[in-house]
Amino acid sequence: MSLPFSLQVEKRLDEPPRWLPVATSVGAIVLAFLISGVILLLIGGDPVKTFQYFYNAAFGSWGALSDVIVKATPLLLIGLGCGIAFRMKLWNIGAEGQFYIGAFCASLVPLVPLMNMETTPRAVVLLVMVLFGMIGGALYGFIPGFLKAKFNVSEIISTLMLNYVAVYWNNYWIYSTFSDAGFQMTPMFPKSAWLPRLADLTQQNRAFSGITLHLGVVFGLVAAVILTHVINHSRWGYEITLIGDNPKAAEYAGIDIKRNIILVFMLSGALAGLAGMSEVSGVVHRLQERISTNYGFSGVIVAWLAKLNPLATILVSFLFGALIVAGREIQPSGLYFLIQGTILFLVISSDVLLRYRIRFVRTSSEAA
Amino acid sequence: MEHNIPENQIAVEMRDIVLHFPGVVANDHVNFTLKRGEIHALLGENGAGKSTLMNILAGLYKPDSGMILINGEPVSFNSPRDAIAKGIGMVHQHFMLVPTLTVTENVLLGLNEPRFLMNLPEYDRKVAEIAESFGMKVDPTAKIWQLSVGEQQRVEILKALYRGAQILILDEPTAVLAPQEIQDLMKTMRLMVSEGKSIVFITHKLNEVMQVADRVTVLRKGKVTADGISVQDVTKEKLAELMVGRKVLFQLNKKPHTPGKVVLELQHVSALNNRGLPALKDVSLQVREGEILGIAGIAGNGQSELAEVITGLRACEGQVLINGKNVANQSPKTAIKQGTAHIPEDRTGVGTAPNLAITSNLIMKTYDSPPISENWHISYSAAQEFAANLKQQYEIQAPSVNTQVNKLSGGNLQKVILAREISSEPRLIIAVQPTRGLDVGAIEAIQNLLLEQREHNAAILLISEELDELLELSDRIAVIYEGELVGEFRTEEADLNTIGLMMTGALRSQV
Amino acid sequence: MNFEIILRSGLSTGTILIFASIGEILTELSGIQNLGVEGMMLVGAMAAFKTSLATGNPWIGLLVGIAAGGLLSLAHAVVTIHFQADQVVSGLSLTFLGTGLALVLGEGLTGQNAPLIPNVTIPLLSQIPWVGRVFFSDLNLLVYIGYLFIPLAWWYINKTRPGLHLRAVGEKPAAADSLGVNVYGTRYLYTFIGGCLAGLAGSSISIAISPGWYSSQTTSGQGWIAVALVIFAQWNPLRAALGGYLFGMLRRFMLDLQGPMLLFGAPNPFFYNHNLVFFLQMTPFLLTIIALVWGSAASRRQRIGAPAALGVPYVRGERD
């Protein structure tokens, strides 16, 4: 039994069409939803209702939309940080930890307090908090970067371990020194430590009432634009891309790889730290035990889905923000992880289509 | 076909073999016949399809169409296992040995016996016995990474013999051997043939064909241009023409040129290799502007390390002076800033970034200076222009400057590297194996480029395993053996025999 | 604080790490890096618990737990071996996937009691003075299986033909392929075995050694510690065992540090300021990092290291 033609898989000789990477990412997302829907069915849920609810919860109102952007903000910043690290093949899975440390350091400003919260102008307070957040994250990112550069320690494991350490560190301070009357959180920050929100403008416009959209998203957008420029138009961006593609060639060209490992990790950490500051200052307004719904890990997926492109990261983080908002009250709670994991898995599986193509080949009659 | 060879004397017959790779026909209706008990040379330049054809015979590839007969019986191989079962053994150009395992373990790999428990001492003995019987010395308990290249090749041959191979395929075996070792190999080959084995000897070196083969088949661009003609009936010149398709002049355009002042100087340089063992021992040499100093030696005698200490990729003791400035133990950027160009041995692993475009690869040395870059900024439009000029100038065959370099052929890849390195008007060029693996056209082009640079007064250090190339291009030749320079002379005074002896450490000049 | 108790606790909890770690050693020796171990452990734990609860039979639960880990690892195998996707990202995605699956399908299991794999005392051996009491009395059956498994794994890798082929495939697949060893098949097999062992490790938590289902707290990062252990162990099962047992002992030791009012004669800081326990909880993770640093330095000294082809997809006949 032989068919008149056969399927042949062969390596692509030239660039895949421009639309293909986008198509695979989109296709992966759609397929992931389908699979999750099936699993939902299996455990007795109603997928159609669930997804309808998803949609309404995320896009049904201005309030929902604002919530989505709020959730997307840390994802965007972390996604950008992870993206630049991955570009150099540095697997920063420690964004979660860098986020917490950034949040912690930024919180020191109102908690210690490091300056007079009543008299210092709000802009100054926030600026210092931004700096502290970024420096805290950068320092925490320095550790795995240094370990990798000096000792070639696997950054995957070191960053993962440091995630746990950061959470425990945070917990210690929240439970004891900065605790709010023995509760597992700090007192609420004074208003000068709050990032401005649209809700602050309720007086000017009734429509802004209750809208929690805060300045943090601007940080993200600005960072995306800056990073795009750095990657595509700067020397450093060229060096990072070169190192990521072939470290030996970069070395041969005289580029200092070790220095760049540390720098990139610090940048990645700084962005995650900024996300932490943005979250405690713009959303929760205090330091508490849980300030991240796994932003660190989601950020990894966001970066990968956006194919490490900073501008695409904006789009993808928005999508994931929608997922989080919609998934907030969905049972079962693990669904979020499941969808994320499936999306990532499908995206990397589909990457194969970028390197190989499938052709129909007429089998010749003389074939052995 | 028209061989008039009696059927029972044909060991292997390959009929009408066709094999495609994406974008290229590697074997285009190839016919090949191997007589029992003969040494049959398979000649062709790099990329002609010789290795591919033999890889099919060895079961690594499946042909798209065509037939293979072993001892008159049609066969179809789905994997190397099947070929081995039919008595075919291949000694690959790039050894297929596992470095962390011992000789015996490598020999036993993939076999059915011993089935489960590995009782090594018993098999160590067997392996040693077989080696002895073919005149080869080997320590079965040694780990492969501890062996020299020549010894490793013996293990490769042992693997085939242990499996009772009657048909042996040797893929460019002499590339890694010194002249004397090549003679030893040829003796072993004749020994094997006298025991009834048949040998296919893949090579691109005409001398060897004339020396040891009975018959020769020539491939060019995937097609057969000479089908099993007797070596007695043909001349080197005719073979070259069959290989390349046009009359080949064995002359290069080398004009007499007076060297100028010293550009590169090594003073008492010593260095360790990656395993922590001494690779360079107290090496001192000089290269002047407008001269080519060739370094002859068998692979693994310190050549790689020599290039690396000069270009800042390896630490060393002693001084490396370029234009009087000591660049030893500093970043490659220091050597680069002194006008050094480095054409590395490893084109894909070190010399280029495979997934990046031609443009990005071409600016690897110039990305931090005008006109491509001002301050922190890179102007990719300036880069594109720069790349387009170079692409035209060096005739790099590719769809565009945005093509990823891992899609380029070996020759074009090397042209990218050369374009990048030479376009910066270097004062010093370190060229390591610059023509390895390239076809004759590319080889000629690259050799002429080097000669051109010599006329532009660049100082060139040429490290090559091809003695012919060194003799043709160099003004002076130095021989390196176990990290030391054991001889140095002007090319006119060079004598192949003496060089060969020096390369194997049997001779040292009384300097 | 009782050394015997710490040792015995180390034997128990260490077994969990050791199954997962040796599984990953086998996978990595074949050249595939599987970072999905944490997800596979969790899936295994959930599947074992749920099945045991549903069927009333912990042995079936164990089998299902093992199979769950194995199945998940097959996804990793297909994507990395056939599609040649990036192994790091694939492994990570499977951690998320596995975790998600485990949490979703494990909904409602918290607080339940499932039938467990029993503790056992080995006759005769348990009579040996001290050694018998510590190593062979009243430990979970899986711990004893661990005792046998460790030297068996070492022997298999180093003294048998399949072990030889395994090492060859991870070190230089082209060489193995040219001699007829099935590279893809070998990698599939050991990725699957590694996944099964991760599933076994997970099952040994939920229905044997630390019984119960606590959502993602069930494994709480042990999968990652197991992966780190592989590097510390230099891909040697015996060293992995040493590291695993030591780690288990450390966990118990830390727990014991918190309780008493007096610690080695002085007031116990952890007793008086309970929040200091957080620093204690950091210790395993910090120690893992230190172990990694030590492991990397050691491998450079002895010039051994990871299998040379680890993480590199194999394509037959790929020109260099």
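These numbers were taken from a predicted model, which means no experiment stands behind them. (Residues numbered from 1 in each chain as written. Chains lettered and ligands numbered in written order. Predicted model: local features only at pLDDT ≥ 70, side-chain atom pairs only at ≥ 80, totals over all residues.)

A.B. asks: What is the right way to read the overall build of chain B from this model?
C.D. replies: In terms of helices and strands, chain B carries 17 helices and 22 strands. Expressed as lengths along the three principal axes of its C-alpha atoms, the size of chain B is roughly 70 × 50 × 50 Å. The proportion of buried residues among the 511 residues of chain B is 50%. Long-range contacts, defined here as pairs at least 24 residues apart, represent 67% of the contacts in chain B between residues at least 6 apart. (Helix = DSSP H or I, 4+ residues; strand = E, 2+ residues; numbered from the N terminus. Buried ≥ 20, exposed ≤ 12 C-beta atoms within 10 Å, placed from the backbone. Contact = placed C-beta atoms within 7 Å.)

A.B. asks: Hey, could you run me through the overall build of chain C in this one?
C.D. replies: Counting secondary structure elements, chain C contains 13 helices and 4 strands. Relative to a compact globule of 320 residues, whose C-alpha radius of gyration would be 20 Å, chain C shows 20 Å and is just as compact. By principal-axis analysis of the C-alpha atoms, chain C measures approximately 70 × 50 × 45 Å. Counting every position in chain C, which comprises 320 residues, the buried fraction comes to 54%. Here the contacts in chain C between residues at least 6 apart in sequence split such that 78% fall between residues at least 24 apart. (Rg over C-alpha atoms; globule rule 2.2 N^0.38 Å.)

A.B. asks: When you look at the sheet that holds strand β21 (residues 476-481) of chain B in this model, what are you seeing that I'm missing?
C.D. replies: Strand pairing within a sheet occurs via backbone hydrogen bonds; the two strands may be parallel or antiparallel. Residue and element names in this part refer to chain B. Spatially, β16-β19-β20-β13-β21-β22 is the arrangement adopted by the 6 strands of the open sheet, whose pairing is mixed. The sheet is open, and its two borders are formed by β16 (340-343) and β22 (484-490), each paired with just one other strand. Pairwise comparison of adjacent strand axes, ignoring direction, gives a mean angle of 15° for this sheet. The sheet contact formed by strand β13 (residues 292-296) and strand β20 (residues 459-463) spans 4 bridges and is parallel. Of the residues in β20, the one forming a bridge with Gly-294 is Leu-462. Strands β13, β19 (428-432) and β20 of the sheet are contacted by helix α15 (residues 440-455), whose axis makes an angle of about 150° with β20. Across the sheet, helix α17 (residues 496-503) is in contact with β13, β21 and β22; its angle to β21 comes to roughly 30°. (Pairing = 2+ DSSP bridges. Axes fitted to C-alpha atoms, helices over the stretch in contact; angles between N-to-C directions.)

A.B. asks: So what exactly am I meant to see when it comes to the pairing of strand β2 (residues 24-35) of chain B here?
C.D. replies: For a regular strand, the rule is simple: side chains alternate between the two faces of the sheet. All names here are of chain B. Where strand β1 (residues 10-21) lies against β2, 8 bridges are found, and the strand directions are antiparallel. Across the sheet, residue Leu-19 finds its bridge partner in β2, namely Asn-27. The loop that links β1 with its antiparallel partner β2 comprises 2 residues; one of these, Gly-23, has a positive phi angle of about 90°.

A.B. asks: Just to check I follow, could you spell out the interface of chain A and chain C for this structure?
C.D. replies: The parts lose accessible area when they come together, and the size of an interface is often stated as this lost area. Listed per partner, the contact involves 38 residues of chain A and 40 residues of chain C. For the side of chain A that touches chain C, the element with the most residues is helix α6 (residues 155-175) of chain A, which contributes 11 residues. Residues of the side of chain A that touches chain C, tallied by class, amount to 26 nonpolar, 11 polar and 1 charged. (Nonpolar A, V, L, I, M, F, W, Y, C, P; charged D, E, K, R; others polar.)

A.B. asks: Looking at this structure, I do not really get the sheet that holds strand β15 (residues 325-326) of chain B. What am I missing?
C.D. replies: Residue and element names in this part refer to chain B. One open sheet accounts for 4 strands, arranged β12-β11-β14-β15; its pairing is antiparallel. Each edge of the sheet is formed by a strand with only one pairing partner; in this case those strands are β12 (278-288) and β15. Where strand β11 (residues 262-272) meets strand β14 (residues 317-322), 5 bridges bridge the pair, whose relative direction is antiparallel. Looking at the pairing, Gln-267 lines up with Gln-319 of β14.

A.B. asks: Explain the interface of chain B and chain C to me, please; I cannot follow it from the model alone.
C.D. replies: Across the boundary between the two partners, chain B contributes 25 residues, which contact 21 residues of chain C. No other element matches helix α2 (residues 80-85) of chain B, which puts 3 residues into the side of chain B that touches chain C. Within the side of chain B that touches chain C, the residues separate by chemical class into 14 nonpolar, 7 polar and 4 charged.

A.B. asks: Sorry if this is basic, but what is going on with the packing of helix α4 (residues 95-111) of chain A against helix α11 (residues 295-305) of chain A here?
C.D. replies: When two helices pack together, their arrangement is given by the angle between their axes and by how far apart the axes lie. Residues and elements named next belong to chain A. Between α4 and α11, the shortest axis-to-axis distance is 7 Å and the interhelical angle comes to 130°. In terms of orientation, α4 and α11 fall into the oblique class. Between α4 and α11 the crossing geometry is right-handed. On α11, the residues that touch Ala-95, Glu-96 and Phe-99 of α4 are Tyr-295, Gly-296, Phe-297 and Gly-299. (Parallel < 35°, antiparallel > 145°, perpendicular 65-115°, else oblique. Left-handed = near helix turned anticlockwise from the far one by under 90°.)

A.B. asks: Would you explain the domain arrangement of chain B in this entry?
C.D. replies: Residue and element names in this part refer to chain B. Under the domain assignment used here, chain B contains domain 1 (7-244), domain 2 (257-339 + 427-438 + 457-511) and domain 3 (345-425). Taking only C-alpha atoms into account, the centre of domain 2 sits 27 Å from that of domain 3. With 7 residues of domain 2 at the contact, the number on the domain 3 side is 5 residues. (Domains from an automatic or database assignment.)

A.B. asks: Is there a simple way to explain the environment of Asp-86 of chain C in this structure?
C.D. replies: Position of Asp-86 of chain C relative to the elements: it lies in the loop between α3 (58-82) and α4 (87-105). Sequence-wise, Asp-86 of chain C and Gly-163 of chain C are 77 residues apart; in three dimensions their C-alpha atoms are separated by 26 Å.

A.B. asks: Just checking my understanding: could you explain the nonpolar core for this structure?
C.D. replies: Most often, soluble globular proteins have nonpolar side chains that are buried together. Within the largest apolar cluster, 377 residues are counted, with the highest numbers of intra-cluster contacts made by Leu-57 and Val-479 of chain B. A total of 14 residues in this core trace back to one element, the largest contributor, which is helix α10 (residues 257-284) of chain A. (Core = buried A, V, L, I, M, F, W, Y, C linked by C-beta atoms within 7 Å.)

A.B. asks: I'm lost on helix α5 (residues 122-151) of chain A in this one. Help?
C.D. replies: Since the α-helix packs 3.6 residues into each turn, any two residues three or four apart lie on the same face. Residue and element names in this part refer to chain A. With 30 residues, α5 should cover 44 Å at 1.5 Å per step; its first-to-last C-alpha distance of 43 Å lies within 8% of that length. At Phe-142, α5 shows its maximal bend, which comes to roughly 25°, and the proline Pro-144 appears one to four places after that position. Asn-152, located one to two residues past α5, shows a positive phi value of around 55°. (Expected span 1.5 Å × (residues − 1). Bend = angle between axes of the 7 residues up to and from the residue.)

A.B. asks: In this structure, what is going on with the pairing of strand β4 (residues 65-70) of chain B? I would like to understand it.
C.D. replies: All names here are of chain B. Sheet topology places β1 next to β4; 5 bridges connect them, and they run antiparallel. Note on β4: the bridge partner recorded for Glu-13 is Leu-69. As judged from the 3 bridges shared by β4 and strand β5 (residues 73-75), these two strands associate in the antiparallel manner. Bridged to Ile-70 within β5 is Glu-73.

A.B. asks: Can you walk me through the packing of helix α7 (residues 216-233) of chain A against α10 of chain A in this structure?
C.D. replies: All names here are of chain A. At a closest axis distance of 9 Å, the pairing of α7 and α10 adopts a crossing angle of 160°. In terms of orientation, α7 and α10 fall into the roughly antiparallel class. The handedness of the crossing between α7 and α10 comes out as left-handed. When α7 is examined against α10, the residues Gly-216, Phe-219 and Ala-223 are found in contact with a partner set consisting of Leu-271, Leu-274, Ser-278 and Gly-282. Residue composition of the contact of α7 with α10, grouped by class: 4 nonpolar, 3 polar and no charged.

A.B. asks: Honestly, the environment of Tyr-172 of chain A in this entry has me stumped. Any pointers?
C.D. replies: In this fold, Tyr-172 of chain A is placed in helix α6. Under the C-beta neighbour-count criterion, Tyr-172 of chain A is labelled partly exposed, with 19 such atoms within 10 Å. Separated by 11 residues in the primary sequence, Tyr-172 of chain A and Phe-183 of chain A have C-alpha atoms spaced 12 Å apart. Non-local contacts of Tyr-172 of chain A, meaning those with residues more than four positions away in its chain, are made with Asn-275, Phe-278 and Phe-279 of chain C.

A.B. asks: Sorry if this is basic, but what is going on with helix α11 (residues 237-258) of chain C here?
C.D. replies: The first and last C-alpha atoms of α11 of chain C sit 32 Å apart over 22 residues, in line with the 32 Å expected at 1.5 Å per residue. Here α11 of chain C has its buried residues at Pro-237, Ala-240, Ala-241, Gly-243, Gly-244, Tyr-245, Phe-247, Gly-248, Met-249 and Arg-252 of chain C.

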